[in-house]
Amino acid sequence: MQLFVEFYHTTGFGQFALGNLMMIVIGLFFIALAIIKDYEPLLLLPIGFGMIVGNIPYIDTMSLGVYDEGSVLSYIYWGVKQGVFPPLIFLGIGAMTDFSTMLSNPKLVLLGAAAQMGIFLTLLGALYIGFSGEEAAAIGIIGGADGPTAIFLSAALAPHLLGSIAIAAYSYMALVPVIQPPIMRLLTTRKERAIRMPQPRAVSQREKIIFPIVAFLIAAFIAPGSLPLLGMLFLGNLLKESTVTERLANSARNALIDVVTILLGFSVGASTQAGTFLTPDSLLIFGLGAASFTVATASGLLSAKFMNLFLKQKINPLVGAAGVSAVPDSARVVHMVGLEEDPDNHLLMHAMAPNVAGVIGSAIAAGVLWSVFL
Amino acid sequence: MDRTFDLQNITEVTAQNGDKLNGLAITMTGMVIVFLALVLITLYIVILPRLLKALALVLPPEHPAVKKPPRETDRDPLIASAAAAAWHQHRQGGPS
């Protein structure tokens, strides 16, 4: 009987705590969101399952969790901790991205810059609350709505907050269709939402090939901290546009990004062990993340309205909301909200320009913050 | 950890290396750098077509990708082999 009791204490049931239950319920909620609502399923499903895995209790002497030296999960988590996975994901994103709309309407790039205001205003908010400079910078980057960038910067500046920041960033990215539309409707009139934009011009293949090389040189010389992310993003794009490395581009945008997404999502989820994740700081990070996302969306919208004061050919201000860089979800949301006002007004292509500019902008912002707090 | 909500936290930030920084200055500088980088990229995109026009004098002409018409052998190989077998049988004097 004593043996049985001893065995019981080594099982998950014997050490189960309320915190573990809460985290498992959150994990199940993520899985439900992915399957039922189709919100970012490629991310939320592995993260949700990882949360369940990470919250099964075990005895301390067993080396099982992501934080236990030598465990299998710790080797997978190494890619997150050392910032290896985010640049690989950027390689895949680059190989998927078509910069044509950005090249055909360059003024929309500025909306991608304006939306980064969310990052820096949240940095101030986090400092005000009492987070250290490094922690505030890592929290602020949630406003970039770019999961890999958020992980990259928090791994470098505030590794102890990585789990909370990654979960907050990916949760808000998944909730783009819920968070953004009310802000869009609040800050624009019906007339503005119905503005039609001209068809983008055709872009030559030569423009598409030269763009990633020169854009990388500009961005990397200004903010060298963004080098790993933007280097891989533009390499991926060059693989695609050069047309001579189709095999490599295919691997980057299919097999490679899929493998890395699984490993990253799962290990980030598994890092949310109740003991380290359920803290008042995590709640504050979630609150600041929501504020950051809201400010970023509003900044993009208001900047588009501001630009319209000087432009003959008006921009539909909704496309400014896509500057938050959650690719391609925020562009898709812009398209849907635009269709509500005018079923023939297709904004998707236009919204992709600030959307991809936002990816570049948030990587540059991360590079700047990294170099400031190094 | 206890958090102290204080405006002074914004103006007096200590970096890991001990440098004293100002959060407002970081925000302003950060936004300026992000805008500067993206404005430069915008300007580069604006001049790119003109640059390519100038470079057209030295670069080989750009041909649009032409889709090759389907070749005879692109047809269904099953049909091709059935036709070949039928023709062979016909030549051998077999049932047609």
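Quantities reported herein were computed from a predicted structural model and do not represent experimental measurements. (Residues numbered from 1 in each chain as written. Chains lettered and ligands numbered in written order. Predicted model: local features only at pLDDT ≥ 70, side-chain atom pairs only at ≥ 80, totals over all residues. Heavy atoms only, no water.)

Topic: the overall build of chain A
Within chain A, the secondary structure is distributed over 21 helices and zero strands. Relative to the 2.2 N^0.38 estimate, which gives 21 Å for 374 residues, the radius of gyration of chain A is 21 Å and therefore close to what a compact globule would have. Looking at chain A as a whole, 59% of its 374 residues qualify as buried. Expressed as a percentage of contacts within chain A between residues at least 6 apart in sequence, the contacts between residues at least 24 apart total 76%. Accessible surface, chain A as shown: approximately 14,900 Å² in total, 71% of it carbon and sulfur. Here chain A contributes 18 positive and 21 negative side-chain charges, whose respective centroids are spaced 17 Å apart. (Helix = DSSP H or I, 4+ residues; strand = E, 2+ residues; numbered from the N terminus. Rg over C-alpha atoms; globule rule 2.2 N^0.38 Å. Buried < 20%, exposed > 50% of the residue type's maximum accessible area, 1.4 Å probe, protein only. Contact = heavy atoms within 4.5 Å. Areas by Shrake-Rupley, 256 points an atom, 1.4 Å probe, with all protein chains shown as cover. Lys, Arg positive; Asp, Glu negative; His and termini not counted. Charge placed at Lys NZ, Arg CZ, Asp CG, Glu CD.)

Observations concerning the interface of chain B and chain A
Contacts between chain B and chain A engage 39 residues on the former and 46 residues on the latter. Carbon and sulfur atoms supply 75% of the area buried between chain B and chain A, which totals about 3,700 Å² over both sides. Linking chain B with chain A are zero salt bridges, by the criterion used here. Here chain B is connected to chain A by four residue pairs in polar contact (both at pLDDT 80 or more). Elements that contribute at least two residues to the side of chain B that touches chain A include exactly helix H1 (8-11), strand E1 (13-14) and helix H2 (23-55) of chain B. Per-element tally for the side of chain B that touches chain A: the top contributor is H2 of chain B, with 22 residues. (Buried area = accessible area lost by both parts, 1.4 Å probe. Salt bridge = Lys/Arg side-chain N within 4 Å of Asp/Glu carboxyl O. Polar contact = N/O pair within 3.5 Å; in protein donor to acceptor, adjacent residues only side chain to side chain.)

Quick notes on the pattern of salt bridges
Residues and elements named next belong to chain A. With the rule as written, the count across this model stands at nine salt bridges over all chains. The salt bridge partner of aspartate 342 is arginine 196, with a shortest N-O separation of 2.8 Å. Of the two residues, aspartate 342 sits in the loop between helix H20 (329-341) and helix H21 (348-373) while arginine 196 sits in the loop between helix H14 (190-193) and helix H15 (205-222), which places them 146 residues apart along the sequence. According to the relative accessible area criterion, aspartate 342 is buried, its value standing at 13%. Residue arginine 196 is classed as partly exposed on the basis of its relative accessible area of 46%. Between arginine 201 and glutamate 207 there is a salt bridge, with the nearest N and O atoms lying 2.8 Å from each other.

Considering a nonpolar patch on the surface
All names here are of chain A. Together, Phe16, Leu18, Leu21, Met22, Val25 and Leu278 make up an exposed nonpolar region whose accessible area comes to about 550 Å². Looking at where leucine 278 falls in the secondary structure, it is placed in the loop between helix H18 (274-277) and helix H19 (280-308). The exposure class of leucine 278 is partly exposed, given its relative accessible area of 34%. (Patch = residues over 30% accessible without salt bridge, like charges linked within 9 Å, V, L, I, M, F, W, Y side chains within 5 Å.)

Topic: the nonpolar core
Taken as a class, soluble globular proteins show a tendency for nonpolar side chains to be buried jointly. All names here are of chain A. The biggest cluster of nonpolar side chains holds 129 residues, and the ones touching the most others in it are Met102, Phe211, Ile360, Leu369 and Phe373. The element best represented in this core is H21, accounting for 14 residues. Among the nonpolar cores identified, the runner-up in size contains five residues, and Leu91, Leu239, Ala249 and Ala252 belong to it. (Core = buried A, V, L, I, M, F, W, Y, C linked by side-chain atoms within 4.5 Å.)

Re the packing of H15 of chain A against H2 of chain B
At a minimum axis separation of 10 Å, H15 of chain A and H2 of chain B run at an interaxial angle of 150°. Taken as axis vectors, H15 of chain A and H2 of chain B run roughly antiparallel relative to one another. With respect to the hand of their crossing, H15 of chain A and H2 of chain B are arranged in right-handed fashion. In this structure, H15 of chain A uses Arg206, Glu207, Ile210, Phe211, Val214, Ala215, Ile218 and Ile222 of chain A to contact H2 of chain B, whose residues at the interface are Ile33, Leu36, Ala37, Leu40, Ile41, Tyr44, Ile45, Leu48, Pro49 and Leu52 of chain B. Along the lines of polarity and charge, the residues of the contact of H15 of chain A with H2 of chain B split into 16 nonpolar, no polar and two charged. (Axes fitted to C-alpha atoms, helices over the stretch in contact; angles between N-to-C directions. Parallel < 35°, antiparallel > 145°, perpendicular 65-115°, else oblique. Left-handed = near helix turned anticlockwise from the far one by under 90°. Nonpolar A, V, L, I, M, F, W, Y, C, P; charged D, E, K, R; others polar.)

Points about the side chain of serine 330 of chain A
For serine 330 of chain A, the location among the structural elements is in helix H20. A residue is classified by how much of its surface remains accessible, and serine 330 of chain A, at 0% relative accessible area, is buried.

Looking at the packing of helix H4 (residues 41-54) of chain A against helix H12 (residues 162-174) of chain A
Residues and elements named next belong to chain A. It is at 10 Å that the axes of H4 and H12 come closest, and there the two elements cross at 140°. Relative to H12, H4 is oriented oblique. Of the two possible hands of crossing, H4 and H12 adopt the one that is left-handed. Contacts between H4 and H12 involve Leu43, Leu44, Ile47 and Met51 on the former and, on the latter, Ile167, Tyr170, Met173 and Ala174.

Section: unusual backbone geometry
Most peptide bonds take the trans form, and the phi angle of most residues other than glycine is negative. Residues and elements named next belong to chain A. Along the chain, valine 327 connects to proline 328 via a cis peptide bond; the corresponding omega equals -10°. Counting through the fold element by element, proline 328 comes out in the loop between H19 and H20. Of note, alanine 145 is a non-glycine position whose phi angle comes to about 50°, a positive value. Relative to the elements of secondary structure, alanine 145 occurs in the loop between helix H10 (133-140) and helix H11 (147-157).

Notes on the confidence of the model for chain B
For chain B, the average pLDDT comes to 79, and 79% of its residues sit at 70 or higher. Averaged pLDDT values over the elements of chain B bottom out at 78 in helix H3 (residues 77-92) of chain B and peak at 93 in H2 of chain B. (pLDDT = per-residue confidence, 0-100.)

Topic: the packing of aromatic side chains
Two measures describe an aromatic ring pair: the distance that separates the ring centres and the angle between the ring planes. The tally for this structure, following the rule as stated, stands at 10 aromatic pairs over all chains. A centroid spacing of 6.3 Å and a plane angle of 35° characterise the contact between tyrosine 172 of chain A and phenylalanine 293 of chain A, whose relative ring orientation is tilted. Of the two residues, tyrosine 172 of chain A sits in helix H12 while phenylalanine 293 of chain A sits in helix H19, which places them 121 residues apart along the sequence. The exposure class of phenylalanine 293 of chain A is buried, given its relative accessible area of 1%. Pairing phenylalanine 211 of chain A with tyrosine 44 of chain B gives two aromatic rings, centres 6.2 Å apart and planes at 15°, and the pair type is stacked. Of this pair, phenylalanine 211 of chain A sits in helix H15 while tyrosine 44 of chain B is found in helix H2, placing the two residues in two different chains. Using a relative accessible area of 0% as the deciding quantity, one classes phenylalanine 211 of chain A as buried. Taking relative accessible area as the criterion, tyrosine 44 of chain B reaches 6% and is therefore assigned buried. (Phe/Tyr/Trp six-rings, centres within 6.5 Å; stacked < 30°, edge-to-face > 60°.)

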